[in-house]
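Residue-level listing of the chains:
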Amino acid sequence: MEIVTVGSYAEMSEIAAKIMIGELKKCPRAVLGLATGSTPLGLYKMLADAYKRGEISFRGVRSVNLDEYVGLGADNGNSYASFMNERLFGHVDILRENTYLPNGLAEDLQSECRRYDSLLDALPRNIQLLGIGSDGHIGFNEPGTSFIERTHIAELAKSTVTDNSRLFECGQAVPERALTMGIADIMSAEKILLLANGKNKAKAVWGMVSGQVTEDCPASILQRHKNVTVVLDGDAASLL
Ligand code: GLP
């Protein structure tokens, strides 16, 4: 695990952007595993800017997102589909038909999970971007999730519902279930890039980097992946 600690959120985003841009230049047809949340916002802005400068293109890229809330579709402003459209896809030349997220509106959620597994099998990721939850979750793989789990319906931890409520429009409840790529799928990416900033991530970051590999801290499994870069700001790295 390579750990890079920087002084600010902007620097964290810059390093991440350099890594992603390098990947896209090396492999213009890359498959990107993408994440949502406030952590990658700076990175997505920098990728959109690099596209506008003509430095990179997403024309040949395919993207697979980690997760989606159950019950929310692209037309709901709180869905991850809508987040991706607003924060990245709408600003670059990626073909929408090459962007994939689990369908939170599927009638049969179990078959939707199996459909997503097949998709992931067909689209091995060159690089998987990750944030981390304050309880150590990655994607929506909450503490206690088996390391061999594939796409599944996750019951969100109370702390996750509370953490994520800040991103929801006033008065709208955070769904308590989500569809998420499993840990086995995250681990199958060729390279993993995890970003974390802020004091509220420090304990989870410690567990991921220095703690025991345990399902109680899902991100700790990354210690067993052979190509992981973790970029942290000083607050997130403060317990290391
Ligand atoms: C959500 C997402 C995760 C994300 C985490 C941290 O639970 N499912 O993929 O990493 O939140 O979010 P934030 O970046 O907003 O702190």
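Scroll up a little and you will see the structure.
Residues numbered from 1 in each chain as written. Predicted model: local features only at pLDDT ≥ 70, side-chain atom pairs only at ≥ 80, totals over all residues. Heavy atoms only, no water.

Asker: Help me understand the site of the ligand, please; the structure alone is not making it clear to me.
Answerer: Taken together, 14 residues sit near the ligand, with S38, T39, D67, H137 and K201 positioned nearest. Contact between the ligand and N164: an oxygen atom at 3.2 Å from a side-chain N or O atom of the residue. In this structure, an oxygen atom belonging to the ligand sits 2.9 Å away from a side-chain N or O atom of R166. Isolated, the ligand exposes 390 Å² of accessible area, and the fraction of that covered by the protein chains is 96%. Split into classes, the residues belonging to the shell around the ligand amount to three nonpolar, eight polar and three charged. (Near = heavy atom within 4 Å. Polar contact = N/O pair within 3.5 Å; in protein donor to acceptor, adjacent residues only side chain to side chain. Areas by Shrake-Rupley, 256 points an atom, 1.4 Å probe, with all protein chains shown as cover. Nonpolar A, V, L, I, M, F, W, Y, C, P; charged D, E, K, R; others polar.)

Asker: Looking at this model, I keep getting lost on the environment of A17. Mind explaining?
Answerer: As for its placement among the helices and strands, A17 is situated in helix α1 (residues 9–26). The class for A17 is buried, based on a relative accessible area of 4%. When sequence neighbours within four positions are dropped, the list of residues in contact with A17 reads L43, M46 and L47. (Helix = DSSP H or I, 4+ residues; strand = E, 2+ residues; numbered from the N terminus. Buried < 20%, exposed > 50% of the residue type's maximum accessible area, 1.4 Å probe, protein only. Contact = heavy atoms within 4.5 Å.)

Asker: What should I look at first to understand the sheet that holds strand β8 (residues 177–180) in this one?
Answerer: Within a sheet, each strand pairs with its neighbour through backbone hydrogen bonds, oriented either parallel or antiparallel. Read across the sheet, three strands follow the order β4-β8-β7 without closing on themselves; strand pairing throughout is antiparallel. Sheet topology places β4 (67–69) and β7 (152–155) at the edges, where each strand pairs with a single neighbour. Adjacent strand axes in the sheet meet at a mean angle of 30° when their direction is disregarded. The sheet contact formed by β7 and β8 spans four bridges and is antiparallel. The residue of β8 that forms the bridge with H152 is T180. (Pairing = 2+ DSSP bridges. Axes fitted to C-alpha atoms, helices over the stretch in contact; angles between N-to-C directions.)

Asker: Would you explain helix α2 (residues 41–52) in this entry?
Answerer: Taking 1.5 Å per residue, 12 residues should reach 16 Å; α2 reaches 17 Å between its end C-alpha atoms and fits that length. On its buried face, α2 sits against α1, β2 (31–34), α3 (80–87), β6 (127–130) and β9 (191–196). Where α2 ends, the next residue or the one after it, G54, has phi of about 85°, a positive value. (Expected span 1.5 Å × (residues − 1).)

Asker: I tried to follow the side chain of N78 on my own but got confused; where do I start?
Answerer: Assignment of secondary structure puts N78 in the loop between β4 and α3. The exposure class of N78 is buried, given its relative accessible area of 6%. Here the side chain of N78 touches Q172 through a polar contact of 2.7 Å, side chain to side chain. Among all residues touching N78, those that are not within four sequence positions of it are Y69, L72, L167, F168, E169 and Q172.

Asker: When you look at the environment of S165 in this model, what are you seeing that I'm missing?
Answerer: Relative to the elements of secondary structure, S165 occurs in helix α5 (residues 158–165). Through-space distance from the C-alpha of S165 to that of P175 is 9.4 Å; in sequence the pair is 10 residues apart.

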